[in-house]
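The residues making up each chain are set out below.
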Amino acid sequence: MRSAYLTAARALQLGREWAVEGDQRRALDAYEEALALLRVLPPERTRDVLLAHTHLAFYQTLALVGARGGQHHLHLGVSYARATRDPLARAIAEECLSGLDVVM
């Protein structure tokens, strides 16, 4: 199970790097890979923190290219950020929500 967390975290990291480099397709594929790994793991804080970060990164990348489907990822990312109380995830969620005039 530990390797699944590490693999998901690496996919998230690569996705963020590719998004910054402008390769949104590869970034979205990496986020999908991370989500697929995390969804099969039992609920626990580490999994939920990674889910928060992955969904929020997915939303940010989709918003960057103006693609649809981002609201779903924003909703899930904010929910996981609230539930885990992870400070970084909450800060990212608040940043994402700030442009929507919504408060966490």
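The following paragraphs examine the structure supplied in this document.

1. Remarks on the overall build of the chain
Piece 1. Within the chain one finds five helices and zero strands.
Piece 2. For the chain, the succession of helices and strands along the chain, N to C, is α-α-α-α-α.
Piece 3. Taken against the 2.2 N^0.38 rule, which gives 13 Å for 104 residues, the C-alpha radius of gyration of the chain at 13 Å falls within 12% of a compact globule.
Piece 4. Of all 104 residues assigned to the chain, the portion counted as buried reaches 43%.
Piece 5. Residue pairs at least 24 apart in sequence account for 54% of intrachain contacts in the chain once pairs closer than 6 positions are excluded.
Piece 6. When the accessible surface of the chain is split by element, carbon and sulfur atoms take 54% of a total near 5,900 Å².

2. A look at the environment of Asp 48
Piece 1. Position of Asp 48 relative to the elements: it lies in helix α3 (residues 45-65).
Piece 2. For Asp 48, a relative accessible area of 16% gives the class buried.
Piece 3. Taking the C-alpha atoms as reference, Asp 48 lies 14 Å from Tyr 31; in sequence the two are 17 residues apart.
Piece 4. Apart from the residues within four sequence positions on either side, Asp 48 is in contact with Tyr 80 and Thr 84.

3. Notes on the pattern of salt bridges
Piece 1. Counted by the stated rule, this structure contains three salt bridges.
Piece 2. Note that Arg 25 and Asp 29 form a salt bridge whose closest N and O atoms lie 3.0 Å from each other. With Arg 25 and Asp 29 both in helix α2 (residues 24-39) and four residues apart, the pair spans about one turn of that helix.
Piece 3. On the basis of relative accessible area, Arg 25 is assigned to the exposed category, the value being 53%.
Piece 4. Between Asp 48 and Arg 47 there is a salt bridge, with its nearest N and O atoms 2.7 Å apart. By the burial criterion, Asp 48 is buried, and Arg 47 matches it.

4. Some remarks on the side chain of Asp 86
Piece 1. On the secondary structure map, Asp 86 appears in the loop between α4 (70-84) and α5 (87-98).
Piece 2. Despite its burial, Asp 86 pairs with no opposite charge, the nearest such side chain being Arg 45 at 4.4 Å.
Piece 3. Only 3.0 Å separates the side chain of Asp 86 from the side chain of His 53, close enough to count as a polar contact.
Piece 4. Here Ala 89 takes part through its backbone nitrogen, which lies 2.9 Å from a polar atom of the side chain of Asp 86.
Piece 5. With near-sequence residues (within four places) excluded, Asp 86 lies in contact with Arg 45, Val 49, His 53 and Ala 81.

Criteria and cut-off values
- Residues numbered from 1 in each chain as written.
- Predicted model: local features only at pLDDT ≥ 70, side-chain atom pairs only at ≥ 80, totals over all residues.
- Heavy atoms only, no water.
- Helix = DSSP H or I, 4+ residues; strand = E, 2+ residues; numbered from the N terminus.
- Rg over C-alpha atoms; globule rule 2.2 N^0.38 Å.
- Buried < 20%, exposed > 50% of the residue type's maximum accessible area, 1.4 Å probe, protein only.
- Contact = heavy atoms within 4.5 Å.
- Areas by Shrake-Rupley, 256 points an atom, 1.4 Å probe, with all protein chains shown as cover.
- Salt bridge = Lys/Arg side-chain N within 4 Å of Asp/Glu carboxyl O.
- Lys, Arg positive; Asp, Glu negative; His and termini not counted.
- Polar contact = N/O pair within 3.5 Å; in protein donor to acceptor, adjacent residues only side chain to side chain.

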